[in-house]
Amino acid sequence: MPYRHNKQTPAGPKCSTALTVLFTLIHVACGQLENVIIDRYFIPTHCSREVQIGDYVRYQYNGTFEDGRKFDSRLVNSVGVESKVIPGLDKGVQGMCVNERRKITIPSHLAYGVLGAGSVIPPDATLVFDVLLLDLWNKEDKVQIRTLHKQQNCKRTVMPSDFVRYHYNGSLLVGNLFDSSHLQNSTYDSYVGQGSLLKGMEEGLLGMCVGERRLFIIPPFLAYDDKGYGTKVPPYATLIFDVLLVDVFNVKDDVNVEVQKIPQPCRRRAVGGDFIRYHYNGTFQDGTVFDSSYSRNSTYNTFIGMGYVIAGIDKALQGVCVGEWRRVTVPPHLAYGENGSGELIPRSAVLIFDLHIIDFHNPKDQVEIKVIYKQADCNLTSAANDLIMYRYNCSLLDGTHLYSSDDYPEPPRVTLGQGKLIAGLDEGLQGMCVLERREITVPPHLAHGTNGALGVPSNAVLLFELELLQLQKGVPEGFLFIWLKDSPEPLFPAMDMNQDQEVPLEEFSAFIKLQVAESQGRLHPGIDSDTVLRDMFSKQDRNADGKITEDELNIIVNEEEEGPKHEEL
C-alpha cells in the first residue's frame with residue numbers, strides 16, 4: 001500500500017513558498033513540516049554496503065497506523081529514483097544494511113497527505129512501517145569475487161570452453177540457502193562460456209584452479225533477473241555462491257605424463273603387447289583418493305596396447321622402464337567418460353594416477369643372462385644331468401628381496417635338467433664354470449607363472465644372482481654309470497681281476513672305482529657310490545646268485561623295441 005497516490009497532493013496551508021524536492025526537510029514561509037522518524041532497532045554486525053539513492057532494494061514491511069492498527073504487509077521491489085513508493089518510505093530505507101530492521105514513522109505529507117488512499121488510508125494519516133531489508137544492488141554492480149582458498153601449485157585455470165565440476169552453496173543476501181550441491185551429494189557439471197550457466201557464475205569461474213574456493217556475489221541482472229527461479233529465488237535477487245572447483249578439463253586435452261623418477265640405466269622400455277605389473281594411487285584433481293593397489297597389497301597386472309585398461313593409461317604406459325615413477329593425468333574422454341564407473345568414478349571426472357612400474361615382460365621373452373665374473377681358464381661347464389652346488393639371491397625387478405641360499409645352513413645341491421628347478425633357473429645355471437657369477441632375468445612363464453608361489457607374486461619377473469660353487473658332471477637320465485672312453489674289449493676278462501670266471505660284488509666295485517679314478521668312466525653324482533655300485537651289480541647279476549658270469553654280462557636286445565635296453569656296462 002505504500003505506493004504513491006495518483007491524485008495531486010494538496011499544497012497544504014496558504015504559503016507563498018512551493019514544496020521542495022524529496023528527501024530534504026520541507027521549509028515553507030509559514031513554518032517547518034515534520035520529517036521521517038527512523039528507529040534502527042536491529043543493525044547486523046556486518047554491513048558491507050548501505051542503501052544509496054539510485055540503488056535497487058527489496059524489502060519486507062508491515063504497515064500500521066500510530067495506534068497499532070495494521071493496514072498492509074507485503075514484499076517490495078523498489079528502484080531508487082524510479083521508485084513508485086511514497087516519499088517517506090523511499091527516504092526511510094536510505095542507509096539501511098541487508099538484514100537491518102527499522103521502524104519508520106512517516107508524517108502524512110510524506111505519505112498520502114490530506115487525501116489519504118481510498119478506504120484504507122484516511123486523510124492526514126501518519127504511517128508506521130516495520131521494514132526488513134532483504135536485498136540491495138545497483139545497475140553499475142559487477143560480480144564480486146572473493147578468494148577464500150587457493151592451492152599454492154596451480155598448473156591450470158578455468159578458461160572458456162572448459163568443462164568444470166564444482167560444489168556450491170547458493171544463498172540470498174539475507175543468508176537463506178536456496179540450493180546446494182553438497183545436499184545432493186553430487187557436483188554441478190557444465191561447460192563454461194557456452195551459455196549453460198548464469199552469466200555471473202561463468203564470470204566467477206574463469207581463472208579458478210582445482211581446489212580453489214571462491215565466493216561470488218552476483219547482482220540480479222547477471223543471475224535470474226526479474227524472473228527469479230521457482231519458489232526459492234525471488235525476482236531481482238542478488239545471489240551468493242560459495243564455490244569449490246573440483247575438476248576442469250577441455251575436450252581437446254590429451255593424457256599428460258609427468259615422469260617423476262626414472263632408473264639409470266633404463267635397459268628396456270615397454271611396448272604394446274608387453275605384460276606389465278604396476279602399483280598405483282588413483283585420485284581426483286582435488287586430491288581425493290578413489291582407488292589404490294597398495295591398499296590391496298597387490299599390483300595391477302595387464303597387457304598394454306591391447307585395450308585391457310582405459311585408453312589414457314594404455315597410452316601412458318607405453319615406453320615406461322622398470323622402476324619408473326610417473327604421474328598421469330587422464331581426461332574423462334580417455335577414462336570413464338560421461339557415465340563414470342558405478343559409485344567409484346563420477347561422470348566426466350579427470351583422473352590422476354601415480355604409477356610405480358614393478359616389472360614387465362613379453363610372452364616371447366627368454367631367460368636373459370648377464371655374466372658378472374668368469375675365470376679365463378674355464379674348461380668344464382655345467383650341463384643337464386650335472387650335480388651342482390650353487391649360491392643364489394632372488395628378488396623382484398624393483399629390488400624386493402624374496403629368498404636367498406644364505407638363509408639356509410649350506411648352499412643347495414641339485415641335478416640340472418631333471419625338473420627340480422623352475423625352467424628359467426635351470427637354464428640359467430647351465431653352461432657355467434665353477435666360481436662363475438651370473439645375473440639372470442627369468443620371465444614369469446619360465447618361473448612361477450600366473451599362480452605365483454609362496455612369497456612370489458603372480459606374473460612376477462624374477463632376478464637371480466648366481467654363483468656356481470661345485471660341479472660334478474652327471475650321466476644321462478636313467479643311467480648310473482657311463483664310459484667316458486671306450487670300454488675294455490673284451491670287458492669281462494678285464495672285470496674278472498682274479499681270472500676265476502666270476503665277479504662278485506667286491507670285485508665288481510673295485511673294477512668300477514678304478515675306472516672312475518682313471519677318468520675312464522663316471523658314476524651317477526649325488527648318490528652314495530656304494531649304493532650305485534650295488535644297484536649296478538644287481539642289474540648284471542641276473543640269476544641273483546651273488547656273482548656275475550660272462551654270459552650275464554652280455555647285452556640283451558629286445559626285438560620289439562626300437563633299440564637295445566640300456567646297460568651301464
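Rules behind the numbers
- Residues numbered from 1 in each chain as written.
- Predicted model: local features only at pLDDT ≥ 70, side-chain atom pairs only at ≥ 80, totals over all residues.
- Heavy atoms only, no water.
- UniProt positions renumbered as here; feature names shortened; annotations may be inferred.
- Core = buried A, V, L, I, M, F, W, Y, C linked by side-chain atoms within 4.5 Å.
- Buried < 20%, exposed > 50% of the residue type's maximum accessible area, 1.4 Å probe, protein only.
- Helix = DSSP H or I, 4+ residues; strand = E, 2+ residues; numbered from the N terminus.
- Domains from an automatic or database assignment.
- Contact = heavy atoms within 4.5 Å.
- Disulfide = S-S within 2.5 Å.
- Phe/Tyr/Trp six-rings, centres within 6.5 Å; stacked < 30°, edge-to-face > 60°.

Going by the annotation in an unreviewed UniProt entry, the name recorded for the protein is peptidylprolyl isomerase, with Sinocyclocheilus rhinocerous given as the source organism. Annotation of the protein in UniProt includes, under Function (unreviewed entry), the sentence "PPIases accelerate the folding of proteins during protein synthesis." Checking UniProt for the protein, the heading Catalytic activity (unreviewed entry) contains the comment "[protein]-peptidylproline (omega=180) = [protein]-peptidylproline (omega=0)".

A.B. asks: Looking at this model, I keep getting lost on the nonpolar core. Mind explaining?
C.D. replies: A general trend in soluble globular proteins is that nonpolar side chains are found buried together. Grouped together as the largest cluster of nonpolar side chains are 55 residues, with contacts concentrated most on Tyr 59, Leu 127, Leu 205 and Phe 241. With seven residues, strand β7 (residues 127-137) is the single largest residue contributor to this core. Both domains that furnish three or more residues to this core are identified here as domain 1 (37-137) and domain 2 (144-249). Sequence-distant contacts of Leu 205, defined by excluding residues within four places in its chain, comprise Val 158, Val 164, Tyr 166, Val 192, Leu 197, Arg 214, Phe 216 and Val 243.

A.B. asks: Mind showing me how you'd approach the state of the cysteines here?
C.D. replies: A covalent bond between the sulfur atoms of two cysteines is referred to as a disulfide. If you walk through the whole model with that rule in mind, you get four disulfides. Covalently, Cys 47 is tied to Cys 97 through a disulfide, its sulfur atoms 1.9 Å apart. The disulfide joining Cys 47 to Cys 97 has a torsion of about -90 degrees about its S-S bond and is therefore left-handed. Linking Cys 47 in the loop between β3 (37-42) and β4 (56-65) with Cys 97 in the loop between α1 (87-92) and β6 (101-106), this pair joins segments that are 50 residues apart in sequence. Here Cys 47 falls in the partly exposed class, since its relative accessible area comes to 31%. Judged by relative accessible area, Cys 97 falls into the buried class, the value being 2%. There is a disulfide in this structure between Cys 266 and Cys 321, and the S-S distance comes to 1.7 Å. Across the S-S bond of Cys 266 and Cys 321 the torsion is about -100 degrees, and the bridge reads as left-handed. Residue Cys 266 is located in the loop between β14 (256-261) and β15 (275-284), and its partner Cys 321 is located in the loop between α4 (311-316) and β18 (325-330); the two are separated by 55 residues in the primary sequence. Here the bonded cysteines of the protein are numbered in sequence order, and their pairing is 1-2, 3-4, 5-6, 7-8.

A.B. asks: Help me understand the domain arrangement of the protein in this model?
C.D. replies: Interface size is commonly expressed as the accessible surface area that is lost when the partners come together. The assigned domain composition of the protein is domain 1 (37-137), domain 2 (144-249), domain 3 (256-351), domain 4 (368-472) and domain 5 (481-559). A C-alpha centroid distance of 36 Å is found between domain 4 and domain 5.

A.B. asks: Would you take a moment to explain the packing of aromatic side chains for this structure?
C.D. replies: Using the criterion set out here, one finds 27 aromatic pairs in the structure. Between Tyr 166 and Tyr 188, the aromatic rings sit 5.7 Å apart at their centres with planes inclined by 45 degrees, giving tilted as the arrangement. One end of the pair, Tyr 166, is in strand β9 (residues 163-172); the other, Tyr 188, is in strand β11 (residues 188-191), with 22 residues separating them in the sequence. Accessibility expressed as a relative area gives 2% for Tyr 166, which makes it buried. We classify Tyr 188 as partly exposed; its relative accessible area is 35%. Pairing Phe 508 with Phe 537 gives two aromatic rings, centres 5.7 Å apart and planes at 65 degrees, and the pair type is edge-to-face. Of the two residues, Phe 508 sits in helix α7 (residues 505-517) while Phe 537 sits in helix α8 (residues 529-540), which places them 29 residues apart along the sequence. Residue classification places Phe 508 among the buried residues on the basis of a relative accessible area of 0%. A relative accessible area of 7% means that Phe 537 is categorised as buried. Each member of the aromatic cluster is reached from another via a ring pair, and the members are Tyr 278, Tyr 280, Phe 284, Phe 290, Tyr 300 and Phe 353.

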